[in-house]
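Residue strings, one per chain:
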Amino acid sequence: MSPTLNSPKEIHRWCRNFPGTRPQIREARQFVTDYLGDRPETDIAQLVVSELATNAIRHTRSGLPGGRFGVTLHAGSTLLILAVLDEGGPTAPHLRQAENDDLSGRGLHLVETLTTRWGVQGDEVGRTVWALIPLAPAGQAA
């Protein structure tokens, strides 16, 4: 059951942890869908969580055997805060310039394009990569 996301007096928060394996990226996308329902922003939020969860698995200890990543969603009437928590690693997430034939390196550019703002908190022990996604008022398209 999805929470009501349109109350200006309330911020709804959902959190879930996932094993740090590739099939769990699909589960994280479904978690976002279960939270947002059929809102117009659901596709964007699914793509953002997919990129951030993929980075957690590929670039942090979350992708090692026994590793985990978490997804937290906070929504008010006009804004969704989507955060992916990882188990840390040697380097912080950052934008990089991918070459035309590179198979990776474009995910955070996509996140930057699709969101109002994104950022990173934490260190090599554990990080949270968060993104802000505007929500259209109830009954309006994004």
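Just so it is clear, the model here is predicted, and its values are computed rather than measured.

Caption draft 1: Layout of the nonpolar core. Ranked by internal contacts, the top residues of the largest apolar core, which has 28 residues, are Leu52, Phe69, Val71, Leu73, Leu80, Leu82 and Val84. Elements represented by at least two residues in this core include exactly helix 1 (23–36), helix 2 (42–59), strand 2 (68–75), strand 3 (79–86), helix 3 (107–114) and strand 5 (126–134). The biggest single contributor to this core is helix 2, with seven residues. Those residues in contact with Leu73 that sit more than four places away from it in its chain are His12, Arg13, Trp14, Phe31, Val32, Tyr35, Leu80, Ile81 and Leu82.

Caption draft 2: Quick look at the environment of Gly20. Mapped onto the elements, Gly20 comes out in the loop between strand 1 (12–19) and helix 1. For the pair formed by Gly20 and Thr60, sequence separation is 40 residues and the distance between their alpha carbons is 9.6 Å. Apart from residues no more than four positions distant in its own chain, Gly20 is found in contact with Ile57, Ser62, Gly63, Gly67, Arg68 and Phe69.

Caption draft 3: Region of interest: the sheet that holds strand 1. Strand order across the open sheet formed by five strands is 1-2-3-5-4, with antiparallel pairing between neighbours. The open sheet has two edge strands, strand 1 and strand 4 (117–123), and neither has a second partner. For this sheet, the mean angle separating the axes of adjacent strands, direction not counted, is 15 degrees. Pairing of strand 2 with strand 3 involves six bridges; the strand directions are antiparallel. Its bridge partner lying in strand 3, Val71 is registered against Val84. Seen against the sheet, helix 1 touches strand 1, strand 2 and strand 3 and runs at an angle of roughly 165 degrees to strand 1. Its contacts with the sheet place helix 2 against strand 2, strand 3 and strand 5, and it is angled at close to 15 degrees to strand 3.

How each quantity is defined
- In this numbering scheme, every chain counts its residues from 1 along its sequence in written order.
- Two thresholds apply to this predicted model, a pLDDT of at least 70 for residue-level local features and 80 or more for giving and counting side-chain atom pairs, whereas whole-chain, interface and lining totals are computed over all residues.
- With hydrogens and water set aside, each side-chain value is computed from the structure's full complement of heavy atoms.
- Only buried residues count toward a nonpolar core, which is a set of Ala, Val, Leu, Ile, Met, Phe, Trp, Tyr and Cys residues joined through side-chain atoms within 4.5 Å.
- Residue exposure (1.4 Å probe, protein chains only): buried if accessible area is under 20% of the type maximum, exposed if over 50%, otherwise partly exposed.
- Numbering of helices and strands runs from the N terminus, with a helix taken as a DSSP run of H or I at least four residues long and a strand as a DSSP run of E at least two residues long.
- Should any heavy atoms of two residues lie within 4.5 Å, those residues are considered in contact.
- A pair of strands counts as paired when DSSP detects no fewer than two bridges linking them.
- Between the N-to-C directions of two axes lies an angle of 0 to 180 degrees, each axis being a line fitted to C-alpha atoms and, for a helix, fitted only over the stretch in contact.

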